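# Report on the structure
Chain residues, written in single-letter form:
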Amino acid sequence: MKNWRNTLRLNTPWIALTLIVTLAACSDNDNNDNYIGEGPDQPAPVAGYSAEIRRTEFGIPHIKADDWGSLGYGYGYAYSQDNFCVTMREIAQAGGRWAELTGSQVERDHLWRYLNGSKEAFKADFFDGLPERDRDLVTGFAAGMNRYLDETGVDNLPAGENGCRGEPWVYPFDQFDLMMYLRKIALQASTDQGIVRSAILAVQGPPSQQIAAASLREVSTSLYQNIKTAGETIRPSEVGSNAIAAGGDDTQSGFGILLGNPHQPWNGSGRWYEVHLTIPGEYDVAGASLQGLPWIGIGFTVDVAWTHTVDFATRFTLYEVALNPDNPMQYDYDGQWRDIEATTVSAEELQEDGSLVTVDRTFYSTQYGLVLDLVGVDPAIGGWPTVSGTLITMRDANLDTGERSLTTFVDKAQASNMSEYRDALATLGNPVFHEFAVDRDGGMYYGQASVVPHVTQAQLDDCQTGIMGIVASVSTNAFTGLDGSRSECEWGEDADTPPGTNIYGLDAHPQILGRGTVGNSNNSYWLSDLKNWLEGFPVVFGWMGHEGDQQFMRTRKTHLMIADRLAGTDGFSDAPLFDLETMKTLMYSNRVHAAEITLDDVLEICNDALTRYSEPQEGLPETCEVLETWDGYANVDSVGTHVFVEFWGGIREALGSDFQNVVIGDEFWEIDYDPADPINTPSGIDVSVEANRTLVIDSLLRAYQRLSDANVSLDAVWGDLQCLERNEECIPIHGGSGPAGIFGAISSGLSEGGYRNPGSGNSYIQAVTWDGSDCPIADTMLVHSQSVQPTSPHYADQTRLYANKEWVRFPFCEEKIQAAQIGETLVLESD
């Protein structure tokens, strides 16, 4: 029997009326504590939880409890009231049950069943070793979600696109099911990345006969021809993040100031959720988490604030091993043959008649990990064997990170200064992010503190041979491959490497602890502090914009804005250095950096073409005229933003780097890229080169044609074109194309009528500082709003504020929470 109590405390100014509602629900098993099984009917155990839930304006829950299990319980329940179905879908997929319940994606079920093993094995490998605090938090969160499901019933859950009413993939689950999902999140940049997952699932096993080999010269030529497709699957477009952390030496107040601006998806598990979690005297943190994660991902406390940006470092390495010509199930390692292991897993698949069929799949692995078939990347490589008679396998550094993530993220929220914050990162549970933090005393920290395989530059120089050398070269090290037949090419370790991981320990990572200003917009660590370049690190620490490489437009704009603010030359305020208001103004400034460095030349070429020809091409005069009068911003009232975005898309299509997301060209730029001046170069278009003039005109005509085909007027207002549909309105969205150098990046593709319903971009934004009082000052914005349900009052409330460049002052201290509270206080209890 599960005994649950809800206590509703009415939020009135002078008196709290308490209503006790006791709910009881029956279970087939009175004692769930030791249940480890595959069935859908066993929820997480419920044991003596008690949590207080209050909500403030915009639906933000503030959860208070006396222990970790109860905190998770309250959070899981409150979260489920808004977005239960989002995480439920992910749990069903991560547990390898999707095909059983829906009849689709059985191959993915096979992969997760292979990676997770049985529930007993998963419990032993990924749960039992967690600190008791972390186990309690996960268990409580799962129990809270299950309570919501039990009270609501599957047939009364939200319906619609983001709902799950009556869906077969909704069922009670336990803490181990939730932990499988948390592990899945950590693998998004490696084993569960689309191109890698496809290569794993493409493996059919050893061949029945020898396959004719091609030459490495043929492979090299073919890879260069196919590189653009592969590059588009791994490099960022608008998705990414910005961060600025200003220490006390660079702020007017002497307190730290932080800007967090992740560019996450607006739908699905990558969407943010705002919350405040408190265990009095032990844990008090606010901010946002990804869907279904029981910890704060980006946030602030009474002393510290932090954020992160996506970090394009190496997460896995490919290994090429030489096969035994007489036995394709063996490979060479230091002159001895080792066996390839075959493991068969089963998954149920629902048929159209409602029956279930068991489907088997065999996975193959070496000492490094799973075997891959790269035919999908390039058929010339071959599969098993490759054209060189070898086999490609991989080792994933994040396979065990999900187990450490909870520890890392909870520990850093308990830090009171930058030294303690850095110490909290030593567990290296951060799978893919640059870390940025400040404290109330003016301390600042930056660290490329994510999981990176311990591969030295000497190993890269020595071990990238054969096919792996070609792959690394043509992908600019986006894919790192090593010789797997030599022990000297194995990953190493440091004295502070987490045991058994063979990743770099924290001390080896690029990092800065100081009082100045750092910033990043998804390039590598190299220029995070323009006054203190970080150099001499292996490329595995950051292949995207590595040391000496050309930087993103958005990266360059970030650092230029920092420099202008420190000098007081940005027009935001006459006083130099940062304060909270100038940081917020910077966030919403929406300048288009690609236009700042090219538009004058574009207009010169335009005007020359219009005067040179008596009958210029159709659409060219109007296109040039709009750009001539455009204000150069991506604000909701800007006219011409869409024209430049489409124009720049044509330039990138012609001259864009396949992996580095920059515009390159030996003759395009008037001032070529200079690694000694990476923020100001390249710039200008060399108008003396006729090919550049042709490219500019062609790109302008391309913009005109694309907009005409989409029935978009050249003189349309940006906010009428880029908007988010919420029920009967389309809310204007400012910001725009990250590759065009817009700091507030929004990912929205052109379709009929404009750029409706962006898929990602500015998401949870926070600007945080202190003023000497006990309370942090945090202005936040959840661009897509809190709830995914159209019937919720918090489906679009913050989105409307964002359209007007407004902010929400987050109520952190008790008196602020009371003043902003909406509705009743809910005391959630279980016996």
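Please read these numbers as outputs of a predicted model, since none were measured by experiment. Each chain has its residues counted from 1, running along the sequence as written. Given that this is a predicted model, residues contribute local features only at a pLDDT of at least 70 and side-chain atom pairs are listed and counted only at 80 or more, while totals for whole chains, interfaces and linings are drawn from all residues. Computation of side-chain values: all heavy atoms of the structure, hydrogens and water removed.

### Section: the pairing of strand 29 (residues 764-769)
To be explicit about the condition: Burial classes follow relative accessibility: with a 1.4 Å probe on protein chains only, a residue under 20% of its type's maximum area counts as buried, one over 50% as exposed, and anything between as partly exposed. Helix numbering and strand numbering both begin at the N terminus, where a helix is a DSSP run of H or I of at least 4 residues and a strand a DSSP run of E of at least 2. A pair of strands is treated as paired once DSSP finds two or more bridges between them.
Along strand 29, six of the six residues are buried, which leaves the element largely enclosed by surrounding structure. The alternating pattern of strand 29 places Tyr-764, Gln-766 and Val-768 on one face and Ile-765, Ala-767 and Thr-769 on the opposite face, and all of these are buried. Bridging between strand 6 (residues 257-265) and strand 29 involves three bridges; their strand directions are antiparallel. Each residue of the ladder has a partner; that of Leu-258, found in strand 29, is Val-768.

### Some remarks on the state of the cysteines
The test is simple: Disulfides are defined as pairs of cysteine sulfur atoms found within 2.5 Å of each other.
Counting across every chain of the model gives five disulfides. Each disulfide of the protein chain joins two cysteines, and with those cysteines numbered along the sequence the arrangement is 1-2, 3-4, 5-6, 7-8, 9-10.

### Structural notes on the packing of helix 15 (residues 593-612) against helix 18 (residues 690-709)
Operational definition: The axes used here are C-alpha line fits, helices contributing only the stretch in contact, and every angle between their N-to-C directions lies in the interval 0 to 180 degrees. Should an angle fall under 35 degrees it is called roughly parallel, over 145 degrees roughly antiparallel, and 65 to 115 degrees roughly perpendicular, with every other angle called oblique. We call two residues in contact when some of their heavy atoms are within 4.5 Å. Amino acids outside the nonpolar list (Ala, Val, Leu, Ile, Met, Phe, Trp, Tyr, Cys, Pro) and the charged list (Asp, Glu, Lys, Arg) are all regarded as polar, and Gly is one of them.
In contact at an axis separation of 10 Å, helix 15 and helix 18 are set at 90° when each is read in the N-to-C sense. For the element pair helix 15 / helix 18, the angle class is roughly perpendicular. Along its contact with helix 15, which presents Val-602, Glu-604, Ile-605, Cys-606, Asp-608, Ala-609 and Arg-612, the element helix 18 presents Glu-690, Arg-693, Val-696, Ile-697 and Leu-700. Each residue belonging to the contact of helix 15 with helix 18 can be placed in one class, and the counts come to seven nonpolar, no polar and five charged.

### Things to note about the packing of aromatic side chains
For clarity, the threshold we go by: Two aromatic rings, drawn from Phe, Tyr or Trp (for Trp, its six-membered ring), form a pair once their centres lie within 6.5 Å of each other, and the interplanar angle then sorts them: stacked below 30 degrees, edge-to-face above 60, tilted otherwise. Note on geometry: a ring has a charge over it if NZ (lysine) or CZ (arginine) is within 6 Å of the ring centre and within 35 degrees of the ring normal.
Using the criterion set out here, one finds 35 aromatic pairs in the structure. Connected via pairs of aromatic rings, a cluster forms that spans Tyr-75, Tyr-79, Phe-141 and Tyr-273. Sitting over the face of the ring of Tyr-171, Arg-97 holds its NZ or CZ atom 4.4 Å from the ring centroid. Seen from the ring of Tyr-795, Arg-726 lies directly overhead, with NZ or CZ sitting 4.4 Å from the centre.

### Observations concerning the confidence of the model for the protein chain
How we decide: The predictor's confidence in any single residue is recorded as pLDDT, a number from 0 to 100.
For the protein chain, mean pLDDT is 92; residues scoring 70 or higher make up 90% of the total. Contacts from residues 9-41, a stretch scored under 50 in pLDDT, to residues over four places away or in other chains number 62 contacts.

### Topic: the environment of Asn-417
Quick reminder of the rule: Here a polar contact is recorded for every N or O atom pair within 3.5 Å, except that within protein the pair must consist of a potential hydrogen donor and a potential acceptor, and residues adjacent in sequence are included only if both atoms are side-chain atoms.
You can see Asn-417 is positioned in the loop between helix 9 (401-412) and helix 10 (418-424). For the pair formed by Asn-417 and Ala-159, sequence separation is 258 residues and the distance between their alpha carbons is 45 Å. Asn-417 has contacts with Val-304 and Asp-439, leaving out every residue within four places of it along the chain. For Asn-417, the side chain forms a polar contact with the main-chain nitrogen of Glu-420, separated by 2.9 Å.

### A look at the environment of Leu-71
With respect to the helices, strands and loops of the structure, Leu-71 is situated in helix 1 (residues 68-94). In sequence terms Leu-71 and Ile-671 are 600 residues apart; their C-alpha atoms lie 57 Å from each other. Beyond its immediate chain neighbours, meaning those up to four positions away, Leu-71 contacts Ile-63, Ala-65, Leu-137, Leu-277, Thr-278, Ile-279 and Tyr-283.

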